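Below, each chain spelled out in residue letters.
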Amino acid sequence: MDRRDLLRAVAALPLLRAASPDQAFAQSYPARNITMIVPFPAGGQADLAARPVAMALERILGKPVIVDNRAGGGGGSVGNAAAARAEPDGYTLLMTLSSLAVLPEADRLFDRPVAYEVSQFMPIARVLADPTLLAVPVSAPWKTAQDFIEDAKKRPGQITYGSSGPYGTLHVAMEMFANSAGIKLLHVPFRGAGPALTALLSGTVQAIAAAPGTLKPQVDDGKLRVLGNCGARRIASFPDVPTFQELGYKDVEMYIWAGLFAQSSLPAPIATRLREAMAQVMTSPEVLKTFEASGSLVAYQDAPEFSRFVADDSARLITAVKKIGRVE
């Protein structure tokens, strides 16, 4: 080695030392169990997304991926905040819903301390993106969405509906529908879509807006009836259910998406490892079959596309929350 080659090699050493910890970490990642926080109880859309993904990630990464249902705070804020505060080392992930961006805005609306900011998160991959569906018990008198609307107009504020918490996805969807239809409903918040669904089945509330995968088993068992679809088009799992836009309510469009996030300061090599793993997960035949059977088709997006989607969808949802205003 001549003198110039030696000088070049010595000059490169600091750069190599600076890059090596992250690279070494990525090569050894994961070295222990991974926790996937779900900020809702079992039975809802986030939980439905998390469990097949966690099982597939275990096979790919070679370490257990433990689903941690950490509900509380309304709409998932407690679990979201816990994930935001976690060490950015790839061992605490978050499977959450579209309410992620809504909840900080709700905190500001009430002049409360903001539990977390969306900027604290790095999108890894979108998993599902389903329209919300309006469902009622089969014993309810409403056979169509128009039946429901006409009855609600006669009895303002008397028909109850359940949600996953104030300003959560299910709450925003129902208020968007109610505002467009010119009706007033009574909101009954719960700690997640699972408990809200249980309340509907037990007769505690009379309606719910939820994801297809949450509702399909109950519809198939003859317990629930779906009246309307908040998406822009009909879906394969409920092909006979009209969209609200078809029924003349053009400004009703609401989706429940579920996606995997990490902390914004996660080292790039770890983020890349997780993105590569999720690309394998979302093409796994077992995962695809699981979601198809539940009535929720995979809607995979890799990080760059998912980041743009989150930004666009969040702007629309924040506008909807401001229209709803303060809800005690």
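Small disclaimer: the values here were computed from a predicted structure and weren't measured. (Residues numbered from 1 in each chain as written. Predicted model: local features only at pLDDT ≥ 70, side-chain atom pairs only at ≥ 80, totals over all residues. Heavy atoms only, no water.)

1. Brief notes about the packing of aromatic side chains
Phase 1 of the analysis: Counted under the stated rule, the structure contains 11 aromatic pairs.
Phase 2 of the analysis: Ring centres 6.2 Å apart and planes at 40° place the aromatic pair Trp257 and Phe261 in the tilted group.
Phase 3 of the analysis: Taking the relative accessible area as the measure of exposure, Trp257 reaches 0% and is therefore buried.
Phase 4 of the analysis: Relative to Phe306, the ring of Trp257 has its centre 5.5 Å away and its plane inclined at 90°; by these criteria the two rings are edge-to-face. With a gap of 49 residues between them, Trp257 in strand E10 (residues 255–263) and Phe306 in helix H11 (residues 303–324) connect regions that are remote in the sequence. Accessibility assignment for this pair places Trp257 and Phe306 in one class, buried.
Phase 5 of the analysis: A cation over a ring is seen here: Arg32 above Tyr91, with NZ or CZ 3.8 Å from the ring centre.
Phase 6 of the analysis: The residue whose ring lies beneath Arg126 is Phe309, and the NZ or CZ to ring-centre distance is 4.5 Å. (Phe/Tyr/Trp six-rings, centres within 6.5 Å; stacked < 30°, edge-to-face > 60°. Buried < 20%, exposed > 50% of the residue type's maximum accessible area, 1.4 Å probe, protein only. Helix = DSSP H or I, 4+ residues; strand = E, 2+ residues; numbered from the N terminus. Lys NZ or Arg CZ within 6 Å of the ring centre and 35° of its normal.)

2. Describing helix H3 (residues 77–85)
Phase 1 of the analysis: Of all 9 residues in H3, 7 are buried, a share of seventy percent or more.
Phase 2 of the analysis: Every buried residue of H3 is accounted for by Ser77, Gly79, Asn80, Ala81, Ala82, Ala83 and Ala84.
Phase 3 of the analysis: Looking at the buried positions of H3, the neighbouring elements they touch are strand E1 (34–38), strand E3 (92–97), helix H4 (102–109), strand E4 (121–131) and E10. (Contact = heavy atoms within 4.5 Å.)

3. Describing the confidence of the model for the protein chain
Phase 1 of the analysis: This prediction gives the protein chain a mean pLDDT of 89; 91% of its residues lie at or above 70.
Phase 2 of the analysis: Counted against residues more than four places away or in other chains, residues 1–20, with its pLDDT under 50, gives 1 contact. (pLDDT = per-residue confidence, 0-100.)

4. Notes on the environment of Tyr29
Phase 1 of the analysis: Here Tyr29 shows up in the loop between helix H1 (3–28) and E1.
Phase 2 of the analysis: Along the chain, Tyr29 and Ser265 lie 236 residues apart, while their C-alpha atoms are 16 Å from each other.
Phase 3 of the analysis: Apart from residues lying up to four places away in sequence, Tyr29 is in contact with Ile34, Asp89, Gly90, Tyr91, Ile270, Arg273 and Leu274.
Phase 4 of the analysis: Separated by 2.5 Å, the side chain of Tyr29 and the backbone oxygen of Gly90 make a polar contact. (Polar contact = N/O pair within 3.5 Å; in protein donor to acceptor, adjacent residues only side chain to side chain.)

5. Here's the deal with the nonpolar core
Phase 1 of the analysis: If you look at the biggest cluster of nonpolar residues, it comprises 57 residues, and the most contacted ones within it are Val53 and Met278.
Phase 2 of the analysis: Sorting elements by how many residues they give to this core places helix H2 (residues 45–61) first, with 9 residues.
Phase 3 of the analysis: Among residues more than four places away in sequence, those in contact with Val53 are Met36, Met95, Val127, Met278, Val281, Met282 and Phe291.
Phase 4 of the analysis: Ranked by size, the runner-up nonpolar core spans 49 residues in total, among them Leu94, Trp142, Ala152 and Met254. (Core = buried A, V, L, I, M, F, W, Y, C linked by side-chain atoms within 4.5 Å.)

6. Describing the pairing of strand E2 (residues 65–69)
Phase 1 of the analysis: Where E1 and E2 come together, 5 bridges link them in parallel fashion. Among the inter-strand pairings, Val38 is bridged to a residue of E2, identified as Asn69.
Phase 2 of the analysis: Where the polypeptide runs from E1 across H2 and back to E2, its parallel neighbour, the crossover connection is right-handed. (Pairing = 2+ DSSP bridges. Right-handed = clockwise from strand over helix to strand, strands pointing away.)

7. A look at the environment of Pro64
Phase 1 of the analysis: Within the secondary structure, Pro64 sits in the loop between H2 and E2.
Phase 2 of the analysis: Separated by 29 residues in sequence, Pro64 and Thr35 have C-alpha atoms that sit 8.4 Å apart.
Phase 3 of the analysis: In this view, Pro64 contacts Asn33, Ile34 and Glu58; residues no more than four positions away in its chain are not counted.

8. A short note on the pairing of strand E9 (residues 224–229)
For a regular strand, side-chain orientation follows a simple rule: the groups alternate between the two sheet faces.
Phase 1 of the analysis: Along E9, 6 of the 6 residues are buried, which leaves the element largely enclosed by surrounding structure.
Phase 2 of the analysis: In this sheet, E9 lies alongside strand E5 (residues 133–137) in antiparallel orientation, the contact comprising 5 bridges. Directly across from Val136, in E9, lies its bridge partner Arg225.

9. Looking at the sheet that holds strand E6 (residues 160–163)
Phase 1 of the analysis: Taking strand neighbours across the sheet as the criterion, the 5 strands line up as E7-E6-E8-E5-E9 in an open arrangement whose pairing is mixed. With partners counted over all chains shown, the strands left at the sheet margins are strand E7 (186–189) and E9, one partner each. On average, each strand axis in the sheet is tilted by 30° relative to the strand beside it, whichever way the strands run.
Phase 2 of the analysis: Here E5 pairs with strand E8 (residues 207–210) via 3 bridges, running antiparallel. From the neighbouring strand, Leu134 faces E8, where its bridge partner is Ala209.
Phase 3 of the analysis: Against the sheet, helix H6 (residues 169–181) contacts E5, E6, E7 and E8, and its axis sits at roughly 115° relative to E8. (Axes fitted to C-alpha atoms, helices over the stretch in contact; angles between N-to-C directions.)

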